[in-house]
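What follows is each chain in one-letter form.
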Amino acid sequence: MYLQIGGFNIKILFIPREKKQLTDDLRIYIPALFTGFLLKKTKTCDFAIELHRPVYPPNVLQMHHRREKIYLQYFYTEKQKRIITPQHISNFQFFFILSGVVLKLLNENGGFILHASSVIIDRKATLFIGPSGAGKSTAAFLLKEKYPVIADDSIIIKRGKSGKYYCYQTPFQEKNKSIERKKKRYKIGRIFFLRKSPYFQITKIREKEWICRKLSKQLLVNKQYSKQLFKNLVTFVKEYNNFALLSFAKEKNEMMRLF
């Protein structure tokens, strides 16, 4: 089967290909959880995850730590553009592998993931940025009656082949499970930094250093790719100019009038 995430095609291979399935098999879990990201067979593939039949007895790695022996069961092996892992891994472990693959591909292709919420306004994705408790989910859902919500926790931003930037929904679980997730890409509209306030106001932001500092705190990274993902974000900020500060309160009618 194939998944398309952030514009990348990821092939999922089961080796050997057996028809017999268990109720908790990844063959059932993957299509069920990633419905909106499923892709028909494609000629191009950016990465492959190979799920092999388990080996018995399982491979165990031994480590020494503070005079203690620690035994770790083999998890996966990475070889260039593919990962090899046993079929008996848990759903959580598969999710861990897949998220690492997405970050690796974004790292290499001028992209990154932000903690953000987003709605579609005039066919473009409007993003709301802020730390935990700033009101990202609140801002999006105050507008949901007029503008569809596509994210309330995370969003992918990636440079396209034309040099323009687009955003995509992530396969990661949103706070609100009713959000329909799919592989579609969106042009980026305005990006708002949030500030709770008794009044409603939009203020243009031009200070790039301030923008980088604020965005970097909402960057989803791992240790392996953190440096390059940050560079990708800085490049985006240099080339994109539609940033603003949104002062708002939890008042739906006023929010709707503002937008």
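One can find the structure itself at the top, above this paragraph.
These numbers come from a predicted model, not from an experiment.

### Describing the environment of E239
Phase 1: In this structure, E239 sits in helix α5 (residues 226-239).
Phase 2: Since its relative accessible area comes to 44%, E239 is described here as partly exposed.
Phase 3: For the pair E239 and G189, spaced 50 residues apart in sequence, the C-alpha to C-alpha distance is 14 Å.
Phase 4: If we skip the residues at most four places from it in the chain, E239 touches R159, G163 and Y165.
Phase 5: Reaching out from E239, the side chain makes a polar contact with the side chain of R159 at a distance of 3.1 Å.

### Quick notes on the nonpolar core
Phase 1: Among the nonpolar cores identified, the biggest contains 60 residues, and F94, L114, F236 and F243 are the most heavily contacted of them.
Phase 2: Every residue in contact with F94, bar those within four places of it in the chain, is listed here: I12, L26, Y29, I30, F34, I49 and I89.
Phase 3: Counting residues in hydrophobic clusters, the runner-up holds 17 residues, among them V119, F128, Y147 and V149.

### Focus on the packing of helix α1 (residues 26-33) against helix α2 (residues 91-108)
Phase 1: Two numbers describe how α1 lies on α2: the axes approach to 11 Å, and their chain directions differ by 60 degrees. Viewed along their axes, α1 and α2 adopt a mutual orientation that is oblique. Between α1 and α2 the crossing geometry is right-handed. For the pair α1 and α2, the contacting residues are L26, Y29, I30 and L33 in the first and N91, F94 and F95 in the second.

### Regarding the pairing of strand β11 (residues 124-129)
Phase 1: Taking burial as the measure, the 6 residues of β11 include 5 buried ones, the bulk of the element.
Phase 2: Sheet analysis places strand β10 (residues 117-121) next to β11, joined by 5 bridges and oriented antiparallel. Across the sheet, residue V119 finds its bridge partner in β11, namely T126.
Phase 3: Between β10 and the antiparallel strand that follows it, β11, lie 2 residues; D122 among them carries a positive phi value of about 55 degrees.
Phase 4: Note: β11 against strand β15 (residues 185-196), 5 bridges, orientation parallel. The residue of β15 that forms the bridge with K124 is K187.

### A closer look at the sheet that holds strand β2 (residues 8-15)
Across a sheet, strands are paired by hydrogen bonds formed along the backbone, either parallel or antiparallel in direction.
Phase 1: Pairing in this open sheet of 6 strands is mixed, and the strands run β3-β1-β2-β4-β8-β7 from one edge to the other. The outermost strands of the open sheet, each flanked by one partner alone, are β3 (38-39) and β7 (77-79).
Phase 2: One ladder, built from 3 bridges, connects β7 with strand β8 (residues 82-86); its direction is antiparallel. In the strand pairing of β8, K79 is matched with R82.
Phase 3: Its contacts with the sheet place α1 against β1 (2-5), β2, β3 and β4 (47-52), and it is angled at close to 160 degrees to β2.

Reading the values: rules and limits
Residues numbered from 1 in each chain as written. Predicted model: local features only at pLDDT ≥ 70, side-chain atom pairs only at ≥ 80, totals over all residues. Heavy atoms only, no water. Helix = DSSP H or I, 4+ residues; strand = E, 2+ residues; numbered from the N terminus. Buried < 20%, exposed > 50% of the residue type's maximum accessible area, 1.4 Å probe, protein only. Contact = heavy atoms within 4.5 Å. Polar contact = N/O pair within 3.5 Å; in protein donor to acceptor, adjacent residues only side chain to side chain. Core = buried A, V, L, I, M, F, W, Y, C linked by side-chain atoms within 4.5 Å. Axes fitted to C-alpha atoms, helices over the stretch in contact; angles between N-to-C directions. Parallel < 35°, antiparallel > 145°, perpendicular 65-115°, else oblique. Left-handed = near helix turned anticlockwise from the far one by under 90°. Pairing = 2+ DSSP bridges.

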